[in-house]
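# What the coordinates show
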Amino acid sequence: MDVDVSVIWAGIVFFGVFMYVVMDGFDLGIGMLYPFVPAREDRDTMMNTVAPVWDGNETWLVLGGAGLLAAFPVAYSIILSGLYLPLIFMLLGLLFRGVAFEFRFRAHEGERHIWDKAFIGGSLVAAFFQGVSLGAFLSGIRVSGRSYAGTVVDWLAPFPLAAGVGVMIAYTLLGCTWLIMKTEGPLQQRMIAVARPFAWLMLAAIAAVSVWTPLRHAQVAERWFSFPNLAFLSPVPLLVLAAVFFLLRSLRRDPHRLPFLMALAVIFLAYAGMAISIWPHIVPPYITIWEAAAPPSSQKFTLVGTLLILPFILLYTGWSYYVFRGKVRAGQGYH
Amino acid sequence: MPDISALDLARIQFAFTMAFHIVFPALTIGMSSYLAVLEACWLRTGQAVYVDLYHFWLRIFAVTFGMGVVSGIVMAYQFGTNWSFFSEFAGGITGPLLAYEVLTAFFLEAGFLGVMLFGWTRVGPGLHFLATCMVAVGTLISATWILASNSWMQTPQGHAIVNGRAVPVDWLAVIFNPSFPYRLAHMGTAAYLATALFVGAAGAWHLLKGHDNPAVRKMLSMAMWMALLVAPIQAVIGDLHGLNTAKHQPAKVAAMEGHWQNEGDAALPLLLFGIPDMAAERTRYAVGIPHLGSVILTHSWTGQIPGLKEFPADERPNALIVFWSFRIMVGLGLAMIALGLWSLWLRRGAALYRQRLFLRFAVVMGPSGLLAILAGWVTTEVGRQPWVVYGLLRTADAVSPHSAGSLALTLALFVVSYLFVFGLGIAYVLRLVRKGPQAFDLQASPSGGPGAARTPARPLSAAEEGQ
């Protein structure tokens, strides 16, 4: 049997970015929820629900970048120079967000507000520009030959900016449902109240993207609305509706894990939907995964290691989450 | 800024973000091993001094690690955002090496860091020690991959050029390229040495302030043993690395020595001072020791190396920068050896903990390891110019096609953000150092046994930051 290594690599990059989106998604979401929760103790608790795991969550972003570079260097160089400014803004956002985890507890009482703001602002900026990058990527990157051919502000258009807001909504919903799972009492009640409007906003955002992309890109419309694809793909939007329904319903009856799981499902479906829209392009709409592929000797060398090591990574990452399982109460932490 | 090109700005940006970044991994490599040693000593002896020191350095480690992570993510993406032609040309080689770094090192560090920092009351002592060790091993694995990648760029082999791109042919040859073992040994040792000097300075500072206790003495003593042993070893490794560079990157060594041309069979002096002048093709105001250059560079009394004039003018690195950055590194290294020997001399009768002149010297030497690392990186990176992949790809051909304007904007954003974030971060590190090791209350925070059922620890912040 002939195995297409490029397809496997597309799957790994898809998986890596998805892991990043959901895992760093909920901790960036926590930053964006700070403004809803003014009390110092509650903010400490919120931060401590992710403090032991945020670094691992963010590592998936580096894996996404490194995997792309290793398997599809042409795509890496075009996408990263095409999304130059949004990505730099995102990195700076992650910089402020990341240091806030430690600095916040090291600062004197009077300085703490600086790192609260850095945490909020960094999370907002990182989430927004990840969405902008996603939107600009989906709406197409201009290429000539094997290089980026657009301008430095191609991303400054309605669709990418709307996608930025969409990702902020998605991450906030993830953060909110994560906290419903990890906290209790008044903080949890507040999160339940916040989750409801964000679930609706999420649904609206997905609906907007689902209408917007096929209208703008005939190719996407054809992928989704031609027969027999329509039959295979119609469960995707139906499952989204079902997940949002169960999410909203669970919020009414002493919720614990279910809202988070349903939010994960919604985001997975939306993410998979985008992949279906652009497949098999890795720089839509010009370059396919095969055209961007690294030399087979590079792809295979990295693939062996990835397939061997990834299960162990998932194992000890899972263990680390297991060690910190259960509700987080005020005052827990190593600080 | 009409004279500064987009290429210059991209290089300044890379050098700036890299220079900030390298300091943090260097400290986390050394500190995580130090923490593993402290925890091992505690588990073996049960002496409180080790657990006190562990928790003191753990907090400093955590802040340093956080800064290393966030500045490192910038590096991972900068190859694509700022050096897209490099990524396209060499991505088939550097990409897999970076991917292996993420898979074998970053996830390992990140996965066990949480347990190391927050798991004291949630897992047993054995598992906690395992977590500390995994983090330490992760930092070393990370250094291994990134130095394999950098070394390949300096001394590339094991590849073929197909359609204008580097294609790996023999991965073992790519990884174990000629300069890799020397670079790895030199950088790994530098990280340990830099950490030892930092730890030693912290101990010396507390002693000067009159905070004399067993923990402070222990950290000064351990650090000075480390400096005594490792600084001379580093000099030997550096010498071997220099020979390797002379073989594979002769123009770099010529620039390091400010050496323009050989005069007949004359032996090379070792220049102690001089101002290499690229335009005039000579080194002004040269002051040197006869024959010593030949002895060091060729290990013979009259050996010669090629002078800079033997290389085309557009293949010469900037000799002024390389000449001086190299001298700063070596000078600091000699001071480290002196510090180690002095500490050995003072150990009789515990003068080590009392002699104020020595303690002041140890404090001053605190940042010297990090400065030497920066100077060393400047030497090796500027020394390989104008190549980004030696002999294969020029730096000028590697840069992304961005305008000078957008590069200037992002450079300004990086400078402002880095100075603010890391400036305050370093201030927090120093604030933690100033607090000094505290007695760690083992009764109040039990360890061992299953996690969730245990009572949460008394928040340490209550004791530590108790206003």
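You'll find chain B entered in an unreviewed UniProt entry as Cytochrome ubiquinol oxidase subunit I, with Pseudoduganella plicata given as the organism.

For chain A, the name recorded in an unreviewed UniProt entry is Cytochrome d ubiquinol oxidase subunit II, with Pseudoduganella plicata as its organism. Recorded under Sequence similarities (unreviewed entry), the UniProt text for chain A is reproduced unchanged: "Belongs to the cytochrome ubiquinol oxidase subunit 2 family."

## Remarks on the domain arrangement of chain B
Residues and elements named next belong to chain B. Under the domain assignment used here, chain B contains domain 1 (1–177 + 414–437) and domain 2 (185–398). In this structure, domain 1 and domain 2 have C-alpha centres spaced 22 Å apart. Taken together, the contact between domain 1 and domain 2 spans 40 residues of the former and 35 residues of the latter. In this assembly, domain 1 packs against domain 2 so that about 3300 Å² is buried in total across both faces, 78% of it on carbon and sulfur atoms. Inspection of the domain 1/domain 2 interface yields 0 salt bridges. Where domain 1 touches domain 2, the interface holds 10 residue pairs in polar contact (both at pLDDT 80 or more).

## Points about unusual backbone geometry
Here the bond from Trp-279 of chain A into Pro-280 of chain A is cis, since omega is 0°, no more than 30 degrees from zero. Its place among the elements puts Pro-280 of chain A in the loop between helix 12 (258–278) and strand 3 (281–283). Residue Pro-386 of chain B follows Gln-385 of chain B across a cis peptide bond; omega there is 5°. In this structure, Pro-386 of chain B sits in the loop between helix 12 (368–383) and strand 5 (387–389). Its identity as a non-glycine residue notwithstanding, Tyr-285 of chain B has a phi of 50°, on the positive side. Owing to a relative accessible area of 61%, Tyr-285 of chain B belongs among the exposed residues under this scheme.

## Topic: the pattern of salt bridges
Per the counting criterion, the structure on display carries 20 salt bridges over all chains. Notably, a salt bridge pairs Arg-43 of chain A with Asp-116 of chain A, separated by 3.1 Å at the nearest N-O pair. Highlighted residues: Arg-43 of chain A in helix 2 (residues 40–50) and Asp-116 of chain A in helix 6 (residues 112–138), separated in sequence by 73 residues. Arg-327 of chain B is the partner of Glu-257 of chain B in a salt bridge, and the nearest nitrogen-oxygen pair spans 3.6 Å. Linking Glu-257 of chain B in helix 8 (residues 250–257) with Arg-327 of chain B in helix 10 (residues 319–346), this pair joins segments that are 70 residues apart in sequence. With respect to class, Glu-257 of chain B is no different from Arg-327 of chain B; both count as buried.

## Some thoughts on the environment of Arg-431 of chain B
On the secondary structure map, Arg-431 of chain B appears in helix 13 (residues 404–435). Note on Arg-431 of chain B: relative accessible area 16%, which makes it buried. Between the C-alpha atoms of Arg-431 of chain B and Ile-60 of chain B, which are 371 residues apart in sequence, the distance is 9.4 Å. Ignoring sequence-local partners within four residues, the contact set of Arg-431 of chain B consists of Arg-106, Ala-107, His-108 and Glu-111 of chain A.

## What to know about the side chain of Arg-112 of chain A
As for its position among the elements, Arg-112 of chain A is in helix 6. Once residues lying within four places of it in the same chain are set aside, the contact partners of Arg-112 of chain A are Arg-40, Arg-104, Phe-105 and Ala-107 of chain A.

## Overview of the UniProt feature "transmembrane region" (unreviewed entry) in chain A
Residue and element names in this part refer to chain A. UniProt tags residues 6–37, 85–105, 117–141, 161–181, 193–215, 227–248, 260–282 and 302–324 as "transmembrane region" (unreviewed entry). A helix fraction of 88% and a strand fraction of 0% characterise residues 117–141, whose end C-alpha atoms lie 34 Å from each other. Between the C-alpha atoms that bound residues 161–181 there is a distance of 31 Å. The span itself is 100% helix and 0% strand.

Here is what the cut-offs are and how they apply
Residues numbered from 1 in each chain as written. Chains lettered and ligands numbered in written order. Predicted model: local features only at pLDDT ≥ 70, side-chain atom pairs only at ≥ 80, totals over all residues. Heavy atoms only, no water. UniProt positions renumbered as here; feature names shortened; annotations may be inferred. Domains from an automatic or database assignment. Contact = heavy atoms within 4.5 Å. Buried area = accessible area lost by both parts, 1.4 Å probe. Salt bridge = Lys/Arg side-chain N within 4 Å of Asp/Glu carboxyl O. Polar contact = N/O pair within 3.5 Å; in protein donor to acceptor, adjacent residues only side chain to side chain. Helix = DSSP H or I, 4+ residues; strand = E, 2+ residues; numbered from the N terminus. Buried < 20%, exposed > 50% of the residue type's maximum accessible area, 1.4 Å probe, protein only.

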